[in-house]
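# Architecture at a glance
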Amino acid sequence: MMSTRATPAFASVPAAGRIPSIDALRGFVILLMLVDHTREFFYIHAQVSDPMDLDTTSPALFFTRLTAHLCAPVFVALTGLGAWLYGNKAARSGGDATRAASRFLLTRGAFLVMLELTLVNFAWTFSLTPEIVYLQVIWVIGLSMIALSALVFLPRPVLIAVGLGIVLGHNLLDPITIAAGQPGNTLWAILHDRGFIDLPWGGQARTSYPLLPWIGVAALGYAIGPWFVGTQAARHRRLLLTGLGALGLFAVLRSGNLYGDPHVWSVQPTGIQTLMSVLNLTKYPPSADFLLLTLGTGALLLTALETAPARLVRLLAVFGGAPLFFYLIHLYGLHLLNLAALTVFGPNQGDGFSVPGVGWLWLVAAVVALPCGFACRWFAGVKRTSPHGWMRYL
């Protein structure tokens, strides 16, 4: 029998019926997200704007931030894929796959929107009456699910065409702007322009993640669902070709500043700065080039994880098997840890860290990840054995 002494205590086999590589990919990007959120809570003296300013951002901080760009595209694509797998499971039990997937998408999407407006916003602000309500990734995943709940009734080729059309074509809408106070401003701020929405009771909402491109990403994630019930060899080939194709198209479009991102790159004084300029892509809303790079990389990572060492896959799958639970507890944990640090060290705004101190972000994130791993393992077991249907929304 193989010894398990070297395996971390919280590395357990995912629930039956789950695909370990999918949970592992989700877990991998969740840990990258943890590093980026650690930056937001603890690296206040060197916050990164969007797009990242090459004149003021060190390469170490730039590439630390860049790794987090994988998170939202992979989350949203896997959300679509998960909905297809959910419907397929219902079909094996004699149900209607499309209707089951649509119903799940609609109800869970609404749940996520509510969660963003309550527990998630409170985790960031610790205020019951914040001046600004930030509508971020959980919000946009929820709205994408609601939109996808209608799109799933389209024939698969049409759904793919819609997804590709949105992902690759939405930058054609960049010149359209609707000023505050004009008809349609609120809708356009939600769909495509990152902006502020005045709330009727005072305060504002900030649409940090404009919705339209993410609907396309969710649609494409749903469309690749059938790949995961075929042979592993066929799935590997399709994922590999998709990933390489996306990265190849990104290289073509970006190399000549042809199309795909409103911010062009230019030759810089050093090679590393030139590379940073090339990779300095627009995330809000995610440009076509941004999505080609991140989704292409995600497809290749998923391919690699299907043949990765089992222990590594099991470890990552612990975090990816309870992603929403992890999202909530890591935000509250980081915020509380930040308040504790302020109490002990005072508001030094990171004065004790030099620019190379980016390594501290990874160290703090690793420290936070350990208890989160144990908590996710516990929660996955509770969720798996719970008789309550609402638990599947978590």
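Below is a short write-up of the structure. (Residues numbered from 1 in each chain as written. Predicted model: local features only at pLDDT ≥ 70, side-chain atom pairs only at ≥ 80, totals over all residues. Heavy atoms only, no water.)

Within the protein one finds 14 helices and 3 strands. Since a compact globule built from 394 residues should have a radius of gyration of about 21 Å, the 21 Å found for the protein is in line with a globular shape. Dimensions of the protein, computed from C-alpha atoms along their principal axes, come out at roughly 55 × 50 × 50 Å. Counting only residues that meet the buried cut, the protein has 48% of its 394 residues in that class. Excluding contacts between residues fewer than 6 apart, the proportion of contacts in the protein whose partners are at least 24 apart in sequence is 77%. Accessible surface for the protein amounts to roughly 18300 Å². Of this, 68% is attributable to carbon and sulfur atoms. Averaging the coordinates of the 24 positive side-chain charges in the protein and doing the same for the 16 negative ones gives two points 20 Å apart. (Helix = DSSP H or I, 4+ residues; strand = E, 2+ residues; numbered from the N terminus. Rg over C-alpha atoms; globule rule 2.2 N^0.38 Å. Buried < 20%, exposed > 50% of the residue type's maximum accessible area, 1.4 Å probe, protein only. Contact = heavy atoms within 4.5 Å. Areas by Shrake-Rupley, 256 points an atom, 1.4 Å probe, with all protein chains shown as cover. Lys, Arg positive; Asp, Glu negative; His and termini not counted. Charge placed at Lys NZ, Arg CZ, Asp CG, Glu CD.)

Across the interface, helix α3 (residues 71-92) lies against helix α8 (residues 212-223) with an axial gap of 6 Å and an inter-helix angle of 45 degrees. Taken as axis vectors, α3 and α8 run oblique relative to one another. Judged by the twist between their axes, the crossing of α3 over α8 is right-handed. When α3 is examined against α8, the residues Ala72, Pro73, Val76, Ala77, Gly80, Leu81, Ala83 and Trp84 are found in contact with a partner set consisting of Trp214, Val217, Ala218, Gly221 and Tyr222. Considered class by class, the residues forming the contact of α3 with α8 number 11 nonpolar, 2 polar and no charged. (Axes fitted to C-alpha atoms, helices over the stretch in contact; angles between N-to-C directions. Parallel < 35°, antiparallel > 145°, perpendicular 65-115°, else oblique. Left-handed = near helix turned anticlockwise from the far one by under 90°. Nonpolar A, V, L, I, M, F, W, Y, C, P; charged D, E, K, R; others polar.)

Taken together, the side chains of Leu249, Val252 and Leu258 present a nonpolar region at the surface, about 270 Å² in accessible area. For Val252, the location among the structural elements is in helix α9 (residues 232-255). Assessed through its relative accessible area of 48%, Val252 is described here as partly exposed. (Patch = residues over 30% accessible without salt bridge, like charges linked within 9 Å, V, L, I, M, F, W, Y side chains within 5 Å. Salt bridge = Lys/Arg side-chain N within 4 Å of Asp/Glu carboxyl O.)

What follows concerns the sheet that holds strand β3 (residues 204-207). One open sheet holds the 3 strands; their spatial order is β1-β3-β2, and the pairing between them is mixed. Looking along the sheet, the strands with just one partner apiece sit at the ends: β1 (132-135) and β2 (196-198). Each strand axis lies, on average, 25 degrees off the axis of its neighbour in the sheet, ignoring direction. Pairing of β1 with β3 involves 4 bridges; the strand directions are parallel. Looking at the pairing, Leu135 lines up with Thr207 of β3. (Pairing = 2+ DSSP bridges.)

Okay, the pattern of salt bridges next. This model, assessed by the stated rule, comprises 6 salt bridges. Of the charged contacts, one joins Arg26 and Asp23 as a salt bridge, the two residues approaching to 3.1 Å between their closest N and O atoms. With Arg26 and Asp23 both in helix α1 (residues 20-42) and 3 residues apart, this pair spans about one turn of that helix. There is no split in this pair, since Arg26 and Asp23 are both buried. Note that Glu40 and Arg39 form a salt bridge whose closest N and O atoms lie 4.0 Å from each other. Given the relative accessible area of 32%, Glu40 is considered partly exposed.

On to the nonpolar core. Counting residues in each nonpolar core, the largest one holds 106 residues, and the members touching the most others are Val120, Leu148, Trp214, Tyr222, Phe326 and Tyr327. When near neighbours in sequence (up to four residues on either side) are disregarded, Tyr222 contacts Gly80, Leu81, Ala83, Trp84, Thr98, Ala101, Leu148, Val152 and Leu159. (Core = buried A, V, L, I, M, F, W, Y, C linked by side-chain atoms within 4.5 Å.)

All told, the structure shown has 12 aromatic pairs when counted by the stated rule. Aromatic pair Trp378 and Phe379: ring centres 6.3 Å apart, planes at 55 degrees, arrangement tilted. Taking relative accessible area as the criterion, Trp378 reaches 54% and is therefore assigned exposed. When its relative accessible area of 7% is taken as the criterion, Phe379 is described as buried. Of the aromatic side chains, those joined through ring pairs into one cluster are Phe122, Phe126 and Tyr332. Here the guanidinium or amino end of Arg194 rests over the ring plane of Tyr284, the centre of that ring lying 3.9 Å away. (Phe/Tyr/Trp six-rings, centres within 6.5 Å; stacked < 30°, edge-to-face > 60°. Lys NZ or Arg CZ within 6 Å of the ring centre and 35° of its normal.)

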